[in-house]
Amino acid sequence: MNPIKSTLLITLCLISTYSFSQYTDVINSNRPGTSRSAFSVGTNVAQFEVGPYIVNEERTPATAYEISGFGVDFAARYGLLFEELELNIEGSFQSDTKTYLSNISAEDERANFRSITLGAKYLVYDPYKNSEEDKPNLYSWKANHRFKWSSLIPAVSVYLGANYDTKNNPYTAPGIEGFSPKVMIATQNNFAGGWVMVLNLIKDRIGTNQSDFQYILTLTHSFNPKWVIFGETQGIKSDFYADNLFRFGGAYLLGKDFQLDTALTFNTKDTPSVFGINFGASYRLDFHKDKEIDNGNSAEDELERKSRGRKKKKTENAEPTKKQKRKDTEF
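Residues numbered from 1 in each chain as written. Predicted model: local features only at pLDDT ≥ 70, side-chain atom pairs only at ≥ 80, totals over all residues. Heavy atoms only, no water.

Student: Got a minute to help me understand the sheet that holds strand E8 (residues 212-222) in this structure?
Tutor: Either a parallel or an antiparallel arrangement is found when strands of a sheet pair, and the pairing is made through backbone hydrogen bonds. Around the barrel, which closes on itself, the 12 strands sit in the order E1-E2-E3-E4-E5-E6-E7-E8-E9-E10-E11-E12 with antiparallel pairing between neighbours. The mean angle between the axes of side-by-side strands here comes to 20°, regardless of whether they run parallel or antiparallel. Of the strand pairs in this sheet, strand E2 (residues 65-79) and strand E3 (residues 85-100) are connected by 15 bridges, and their pairing is antiparallel. From the neighbouring strand, Ser68 faces E3, where its bridge partner is Thr97. (Pairing = 2+ DSSP bridges. Helix = DSSP H or I, 4+ residues; strand = E, 2+ residues; numbered from the N terminus. Axes fitted to C-alpha atoms, helices over the stretch in contact; angles between N-to-C directions.)

Student: I keep staring at the pairing of strand E6 (residues 178-191) and nothing clicks. Help me out?
Tutor: A regular strand places its side chains on the two faces of the sheet in alternate fashion. With 11 bridges joining them, strand E5 (residues 155-165) and E6 adopt antiparallel strand pairing. Looking across to E6, one finds that Tyr164 is bridged to Phe179. In this structure, E6 lies alongside strand E7 (residues 195-204), joined through 9 bridges in antiparallel fashion. Its bridge partner lying in E7, Thr187 is registered against Leu199. Following E6, the chain reverses through 3 residues before pairing antiparallel with E7; Gly193 in that reversal takes a positive phi of roughly 80°.

Student: Looking at this model, I keep getting lost on a nonpolar patch on the surface. Mind explaining?
Tutor: Where nonpolar side chains cluster on the molecular surface, the patch consists of Leu81, Phe82, Tyr122, Val124, Tyr125, Ile153, Val158, Ile185, Leu201, Phe213, Tyr215 and Leu217 and spans about 1,100 Å² of accessible area. Elements supplying a minimum of two residues to the nonpolar patch: strand E4 (106-125) and E8. Examined against the element boundaries, Phe82 turns out to sit in the loop between E2 and E3. Residue class for Phe82 comes out partly exposed when judged on its relative accessible area of 43%. (Patch = residues over 30% accessible without salt bridge, like charges linked within 9 Å, V, L, I, M, F, W, Y side chains within 5 Å. Areas by Shrake-Rupley, 256 points an atom, 1.4 Å probe, with all protein chains shown as cover. Salt bridge = Lys/Arg side-chain N within 4 Å of Asp/Glu carboxyl O. Buried < 20%, exposed > 50% of the residue type's maximum accessible area, 1.4 Å probe, protein only.)

Next comes the structure, spelled out in structure tokens:
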């Protein structure tokens, strides 16, 4: 979870891996919301996220029109060199019919990329790294679900990307063509009980006459390691288009590398009114390997070694007690 998102899918498994890397045992998808998680997919992980959708828009004032059609959101993400670094390409392609509802009815068949962006995201601050407080307590459900003040401190990442818009694109303002910058700050808070909050602050198509500011706030909740629900609000402000969108939906973890999701999108105005439904999937190719630590063991080997050491220590501490009991019973 957006970040779900960041989302964002299954957060119950995240805490146990933060002491070594951002990599998680299960897929960490940005779907089904539109926000971006503060964390990367992990080094040597290639992840693909796709979501077909249907959309319906209707504008009721004087310049009335209706838009109905379908499209697809897509993203490819790759963790490169560092755990904190992610390269990605993402976008949206839409095909629809715009019907004008004036005295003389007319239709306009449209198809193009609403957006396509190549970018890089880097985690600049991770409050969960090497944090003893955020490790799960294997003996106390209450301890794992109590509120922790430290959870108010978010992880923070920065994003820099480049949009590409074709000439005469029906989904952009007139005159926009070629490349334009996009920047973003993404924060993520992981709260007890499977709650995650992701906030994105975005400045898009900088330097064009469609330069807009956006915020996206996503809240997700995982009921168990398989199911998650989310709610999201997105604000868009520019001279070309302004809106407040709301999304609700959920996702299901079909396998540790495969997620399915769905969501509804709507707004509360009529200039235009918006209603959309999407269905999506996320899949990863996992070639991640934990880094070696000081003694030459991998992270997994080190965890196993420590586990054996704890068991051995408990056994050694228990043996004198048993011998003492036998001794006490001798006459």
